[in-house]
Amino acid sequence: MRMYDIIDKKKLGEKLTNEEIAFFVKGYTDGSIPDYQASALLMAIAINGMDVRETTELTLLMAKSGEMLDLSVIKGVHVDKHSSGGVGDKTTLIIGPMVASLGIPVAKMSGRGLGHTGGTIDKLESIPGFNTSLSKETFFNNVNTLGLAVAGQTANLAPADKKLYALRDVTATVSSIPLIAASIMSKKLAAGADVIVLDVKTGSGAFMKTVDSAKELARRMVDIGNNAGRKTFAVITDMNDPLGIAVGNSLEVIEAINALKGKGDEKLMEVVYKLASYMVYGAGKASSPEEAREKLEETITSGKALETFAKFVKAQGGDDRYVYDTSFFELGKIKEDLLSDIDGYVSDIRADEVGIASLILGGGREKKDDVIDPGVGIIINKKTSDRVLKGEPLATLYANDASKLAEAKKRLRGAFTIGAEKVGAYKMIYDTVE
Ligand code: URA
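Just so it is clear, the structure is predicted and the values come from calculations on it, not from any experiment. (Residues numbered from 1 in each chain as written. Predicted model: local features only at pLDDT ≥ 70, side-chain atom pairs only at ≥ 80, totals over all residues. Heavy atoms only, no water.)

### Brief notes about the site of the ligand
Then, in step 1: Surveying the vicinity of the ligand reveals the residues His82, Ser83, Ser84, Leu114, Tyr165, Arg168, Ile180, Ser183, Ile184 and Lys187.
Then, in step 2: Contacts to the ligand include Lys187, whose side-chain N or O atom sits 2.5 Å from an oxygen atom.
Then, in step 3: In isolation the ligand has 230 Å² of accessible area, and contact with the protein removes 97% of it.
Then, in step 4: Elements with a contribution of two residues or more to the shell around the ligand: strand E1 (79-83), helix H8 (159-169) and helix H9 (177-190).
Then, in step 5: The element contributing the most residues to the shell around the ligand is H9, with 4 residues.
Then, in step 6: Counted by class, the shell around the ligand contains 4 nonpolar, 4 polar and 2 charged residues. (Near = heavy atom within 4 Å. Polar contact = N/O pair within 3.5 Å; in protein donor to acceptor, adjacent residues only side chain to side chain. Areas by Shrake-Rupley, 256 points an atom, 1.4 Å probe, with all protein chains shown as cover. Helix = DSSP H or I, 4+ residues; strand = E, 2+ residues; numbered from the N terminus. Nonpolar A, V, L, I, M, F, W, Y, C, P; charged D, E, K, R; others polar.)

If you want it as structure tokens, here you go:
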């Protein structure tokens, strides 16, 4: 079999056989297929797609490219959540401790930033000392004692995805239903959870720009999960405006900590409660998502979720003083507002452009090996539908480099549209797929 022929076949829009998919996954994982051939095939898949059989096969092969975790040493029903990627999405940092506070073990493998979107691992690493490369023993032990551990995808967990993810990030091949479905579900299947809750985002800041394409991705992932014997739910949530107010690593951790202190942005919390409710309901700890929500609200008002978060930070080597006093976080030294030029209403914010502006500041990666600056980012002061007066700040940028700041500010200005008429705010939840 030749990689050249496989690329050519997909370029012509034909279906690949299971053997051809296996040849690619194995060859790319063991290094016998080079990046340039893998990139060409990824681009052909991004353009011509894959059907359900091809996607399922790709997912299973990617999951089995490494170790399939056995979580049986962790007591209880194991729940996991995953987002298809968004801007300002810090939900894992809030949901993890809330759900763990209800006695449901959360053993989470998270990712790094991808394209214009941020990643939980990069965010957590903005807490000094925080270690996401845990040994299996520490990971399991922390889940058993605290109820929560978050680790980066280890070299052994779906290594095919690890390599493909990094390659897609820099070859404009992220936004493809089969590639996203296989990437997310291969990790979720390998990570061993019994219950999987998927947050499929739609809108300008998501990889899926329309509700219909998000539904298609959700359906495909739920089918793959259920066929593999995992109870899988997907919630389709909005990603037109950035989620919450902060974009950038330290800024998002601060926002998550404030949410755990009961001061969360209303729309952010709507998404948090919806996803967390399905995790609690799926784990059998509530008879309905509504009952689950009541229990979850209690974890915030009682301070239990915040306490769990602080213990989790400490257990993974992080400085827990940052949790109780967020002024410890070192933010970008240059702080500058983006002001509105006119009176009006915010009629649109391009969340993807906000994500790119944050990336330009140094909050994400342009190339595979770039190092992230955790202190840079953006606070959004006005959201879609908000009234704004000339000279009022639409957003505040935190930077450490004046030329990056100038470029990011220009990009951010283009992300905002101000109109004369008030438009409605976006609804946050579009649908649920069970
Ligand atoms: N999240 C993932 O894990 N993979 C993708 O491809 C997109 C979002």
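### Examining the domain arrangement of the protein
Then, in step 1: Annotation of the protein at the domain level lists domain 1 (3-49), domain 2 (79-324) and domain 3 (331-419).
Then, in step 2: Taken residue by residue, the interface counts 13 residues in domain 1 and 12 residues in domain 2.
Then, in step 3: For the pair domain 1 and domain 2, the summed buried area comes to about 1000 Å², and 80% of that belongs to carbon and sulfur atoms.
Then, in step 4: The largest per-residue losses of area from domain 1 upon contact with domain 2 belong to Tyr28, Thr29 and Leu42, which jointly make up 50% of the total buried on that side. (Domains from an automatic or database assignment. Contact = heavy atoms within 4.5 Å. Buried area = accessible area lost by both parts, 1.4 Å probe.)

### Things to note about unusual backbone geometry
Then, in step 1: The backbone of Ala158 shows a phi angle near 40°, a positive value even though the residue is not glycine.
Then, in step 2: Note on placement: Ala158 falls in the loop between strand E3 (148-152) and H8.
Then, in step 3: Given a relative accessible area of 0%, Ala158 falls into the buried group.
Then, in step 4: Positioned with a positive phi, Ser385 is a non-glycine residue whose angle comes to about 95°.
Then, in step 5: Tracing the chain through its elements places Ser385 in the loop between strand E9 (377-380) and strand E10 (387-388).
Then, in step 6: Judged by its relative accessible area of 8%, Ser385 is buried. (Buried < 20%, exposed > 50% of the residue type's maximum accessible area, 1.4 Å probe, protein only.)

### What about the packing of aromatic side chains?
The description of an aromatic ring pair uses the distance of the two centres, along with the angle that the planes make with each other.
Then, in step 1: Summed over all chains, the structure comprises 9 aromatic pairs.
Then, in step 2: An angle of 80° between the planes, with centres 6.2 Å apart, marks the rings of Tyr278 and Tyr281 as edge-to-face. Residue Tyr278 and its partner Tyr281 are located together in helix H12 (residues 266-282), separated by 3 residues, close to a single helical turn.
Then, in step 3: A relative accessible area of 7% means that Tyr278 is categorised as buried.
Then, in step 4: The class of Tyr281 is partly exposed, set by a relative accessible area of 28%.
Then, in step 5: On the basis of an interplanar angle of 90° and a centroid distance of 5.0 Å, the ring pair of Tyr322 and Phe329 is categorised as edge-to-face. You'll find Tyr322 and Phe329 in the same group, each marked buried. (Phe/Tyr/Trp six-rings, centres within 6.5 Å; stacked < 30°, edge-to-face > 60°.)

### What about the pattern of salt bridges?
Then, in step 1: All told, the structure shown has 28 salt bridges when counted by the stated rule.
Then, in step 2: Across the pair Glu307 and Lys311 runs a salt bridge whose closest N-O atoms are separated by 3.4 Å. Linking Glu307 with Lys311, this pair stays in helix H14 (residues 304-315), spanning 4 residues, or about one helical turn.
Then, in step 3: As a salt-bridge pair, Glu353 and Arg350 come within 3.9 Å of each other at their nearest N and O atoms.
Then, in step 4: For Glu353, a relative accessible area of 15% corresponds to the buried category.
Then, in step 5: Judged by its relative accessible area of 35%, Arg350 falls in the partly exposed class.
Then, in step 6: The structure contains a network of salt bridges with shared partners spanning Lys209, Arg350, Asp352, Glu353 and Arg411. (Salt bridge = Lys/Arg side-chain N within 4 Å of Asp/Glu carboxyl O.)

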